[in-house]
Every structure is written in structure tokens, then in C-alpha cells.
Amino acid sequence: MDIYELNPHFRLRSRSILNKGALSTPRALYDYELMYVEKGSFTLVYDNKPFFCKKGDILLISPGITHYFIIEKEVSLPFIHFDAIKKANSREIPVSFKDIPDMTEEEKTWIHKRYFPKYDGEPFLKCGNMERFLKLFNKLTYPTYRAMLVRKAWLTELLAVLMHFNFLQFIRNNDEPSIEYQVKNYIDSNGCYNMTLQDFADFFSYNKFYMIRKFKSTFGIGIMEYRNKVRLEKSNDLLLRFTLSNTAKLLGYTSVYSFSRAYKEYFGKAPKSSIT
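Residues numbered from 1 in each chain as written. Predicted model: local features only at pLDDT ≥ 70, side-chain atom pairs only at ≥ 80, totals over all residues. Heavy atoms only, no water.

**Q** Mind showing me how you'd approach the sheet that holds strand β4 (residues 49-54) here?
**A** Strand-to-strand pairing in sheets goes through backbone hydrogen bonds, with the strands running parallel or antiparallel. Across the sheet, 3 strands lie side by side as β4-β3-β6; this open sheet has antiparallel pairing. At either end of the open sheet lies a strand with only one pairing partner, and these are β4 and β6 (67-71). Ignoring strand direction, the axes of neighbouring strands in this sheet form an average angle of 25°. In the sheet, strand β3 (residues 41-46) pairs with β4 via 6 bridges, with the strands oriented antiparallel. Directly across from leucine 44, in β4, lies its bridge partner phenylalanine 51. (Pairing = 2+ DSSP bridges. Helix = DSSP H or I, 4+ residues; strand = E, 2+ residues; numbered from the N terminus. Axes fitted to C-alpha atoms, helices over the stretch in contact; angles between N-to-C directions.)

**Q** Can you help me understand the sheet that holds strand β8 (residues 124-125) in this one?
**A** In space, the 5 strands of this open sheet follow the order β1-β7-β2-β5-β8, with antiparallel pairing throughout. Across the chains shown, the open sheet's two edge strands, defined by having one partner strand only, are β1 (9-18) and β8. Alignment of β1 against strand β7 (residues 75-83), held across 9 bridges, turns out to be antiparallel. Its bridge partner being in β7, leucine 18 is matched across the sheet by valine 75.

**Q** How should I be thinking about helix α7 (residues 208-219) in this particular structure?
**A** A turn of α-helix holds 3.6 residues, and therefore any two residues three or four places apart point the same way. In this model, α7 (12 residues) spans 17 Å end to end at C-alpha, consistent with the 16 Å of a helix rising 1.5 Å per residue. The opening residue of α7 is asparagine 207, an N-cap whose side-chain oxygen sits 3.0 Å from the backbone nitrogen of phenylalanine 209. Among the residues trailing α7, glycine 220 stands out with phi positive, at a value near 70°. (Expected span 1.5 Å × (residues − 1). Polar contact = N/O pair within 3.5 Å; in protein donor to acceptor, adjacent residues only side chain to side chain.)

**Q** Please clarify how the packing of helix α5 (residues 179-190) against helix α6 (residues 197-204) should be interpreted in this entry.
**A** When two helices pack together, their arrangement is given by the angle between their axes and by how far apart the axes lie. Two numbers describe how α5 lies on α6: the axes approach to 11 Å, and their chain directions differ by 115°. Compared by their axis directions, α5 and α6 come out roughly perpendicular. Pair α5 / α6 crosses with right-handed handedness. Across from Ile179, Gln182, Val183, Tyr186 and Ile187 in α5, the residues of α6 making contact are Phe200, Phe203 and Phe204. (Parallel < 35°, antiparallel > 145°, perpendicular 65-115°, else oblique. Left-handed = near helix turned anticlockwise from the far one by under 90°. Contact = heavy atoms within 4.5 Å.)

**Q** Which parts of the structure should I look at to understand the environment of glutamate 122?
**A** Positionally, glutamate 122 belongs in the loop between α1 (105-108) and β8. Glutamate 122 has contacts with Tyr46 and Phe51, leaving out every residue within four places of it along the chain.

**Q** Quick question: what am I supposed to make of the pairing of β7 here?
**A** For a regular strand, side chains alternate in direction, first toward one face of the sheet and then toward the other. Taken across its 9 residues, β7 has 9 buried, putting it largely inside the fold. Taken together, the 4 bridges between strand β2 (residues 32-36) and β7 define a ladder with antiparallel strand orientation. Opposite tyrosine 32, over in β7, you have phenylalanine 82 as the bridge partner. (Buried < 20%, exposed > 50% of the residue type's maximum accessible area, 1.4 Å probe, protein only.)

**Q** Got a minute to help me understand the side chain of glutamate 107 in this structure?
**A** Along the chain, glutamate 107 turns up in helix α1. Using a relative accessible area of 13% as the deciding quantity, one classes glutamate 107 as buried. One polar contact links glutamate 107 to lysine 98, side chain to side chain, over a distance of 3.0 Å. If near-sequence neighbours (up to four positions away) are discounted, glutamate 107 is found in contact with Tyr30, Lys98 and Asp102.

**Q** Explanation requested: the packing of aromatic side chains in the structure shown.
**A** How two aromatic rings sit relative to each other is given by the distance of their centres and the angle of their planes. Inspection of every chain in the model, using the stated rule, returns 14 aromatic pairs. Ring geometry for phenylalanine 215 against tyrosine 226: centres 5.9 Å apart, planes inclined by 55°, an arrangement best described as tilted. You can see phenylalanine 215 sitting in helix α7 and its partner tyrosine 226 sitting in helix α8 (residues 223-239), a full 11 residues away along the chain. When its relative accessible area of 1% is taken as the criterion, phenylalanine 215 is described as buried. Three or more aromatic residues link up through ring pairs in this structure, and these residues are Tyr253, Phe259, Tyr263, Tyr266 and Phe267. Geometry around phenylalanine 219 places lysine 184 over its ring, the cationic atom sitting 5.9 Å from the centre. Taking the ring centre of tyrosine 253 as reference, the NZ or CZ of arginine 231 above it sits at 3.8 Å. (Phe/Tyr/Trp six-rings, centres within 6.5 Å; stacked < 30°, edge-to-face > 60°. Lys NZ or Arg CZ within 6 Å of the ring centre and 35° of its normal.)

See the structure below:
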């Protein structure tokens, strides 16, 4: 799937509590189901293969794959149903509780295309930014009213977070620069004077440590070191037009002293010497 085709449709959310010993009947979905194991453990039989699922696991159930649950401990399992690409009849199609042999011929046509074939045989997803994932996932699963457009925006952002760690083969575009060039271009264009490494990772939805390694390997300099280099080189132009205090503020320094010290370490002279 081309990343630009992604047009998710939020369909259903709930926060289920499943009791120990529960055994669900086999079923297949028309859509995707994203689940987070909030508490407890269980066995998911997915396409006739058993998978042990525990607290903290993220699961993606693909359309048209028969599965059922064997509950070993009480489980808290919030989930959302969504279509990866909204169709004209997305709103009319219900959530499936049937297995494929029990579906009518019309119901079988409701099974959506699978866009992430890697997860047809194994349901586990990874995430390098669980804090961000849980913030978005909880927004979508807690029973509070939100306009459909707001939920769609949250869902799109949530999928973007997951896709960077699980679906790289689908989102890399040959015309899109790799992550280290994206970061460099963003710094060159915007300064990013107050951004931390985690801010960069969140902005680009990348694993922070992977991003740091790629940048250092390509440019031979760290991200923050490069960011500081860019802003110090810009400082001479600013000092021609602004006071020392205002220049320090514009460049994101907390004080004139910290700016002056950084400037002297970089240029070997005090910043006031640049003022004509």
C-alpha cells in the first residue's frame, strides 16, 4: 500500500473485560481490529496457530482471518475496529461475529483487502514510542464523544506511529528522503532551536535511537550538535539587526550568558565583536 492511499475510517471502539476461562467462538472480521492488552493474558488462536498474549502487547487482527480467544487470566482488552481505506459502504457494514463458512455470499464481499500482508500470519505489532501510542489509543477507546473528523485525525496519527516501526516496506517512497535528510532539511529550514531529540523523534514518528544513528552515520555529526551549529552560524546575521539579548532569545537560548558562552566556544571570540 502506498502511504498516500491511507484513508482510515474509524468504525467501533470498546474496552472489554474478559473473565478467566472464557472461550470465544471462531470468527473472521470484515475490517481491521487493533487491540492492546491492558491487563491479564490469553491465548489467541489466529489462522489455526496459537499465540500467547500478555500485558503490554499490541495486536492487529487482519480482515478475513479466522481467530478466537482462550482466556487464562482476567483480561482488559480495549480495541478499535477500522478500515485502512474508507469505502462508500464503510458506514453500513457491521462488525463481524461470524466465521467465514457462516457468512452469506454478500457478507463475504464485505471482507476488506489486506494491506499489511506481513501480519496475516502473526498478529503482534511493535512500537518504539509507547507513551505516544497509548495517549492516542486511549483517546480513541475511552467512551467520550468526539466528532468523527477528530477521531479520524487521531486514528491517522496512531497508524502513522505504528507504521514507522512495522510497515516500513509500505511507506518508503523512492522520492522521499531518508530520515536523516528529513531531519537535516527541517533544521536548515526551521531552525528548531527549542526542539529536543525526543521532539524530533515524535515529529517524524521515528525511533529516537535509530534516527540518531542514521544522522551521525551520514553526516558525521550529532543532531543537536548540527542544530547548534546552524543556529550559531545564523547568529552573525541576527546580530547585525538585533541586540545581543534579542538575538539570544530568537535563537532559543535561555540567557545572554549561555548564548555568549556557546558563541565564544564556536567562533573563538565574544558575540559583541560581530556588531558593527
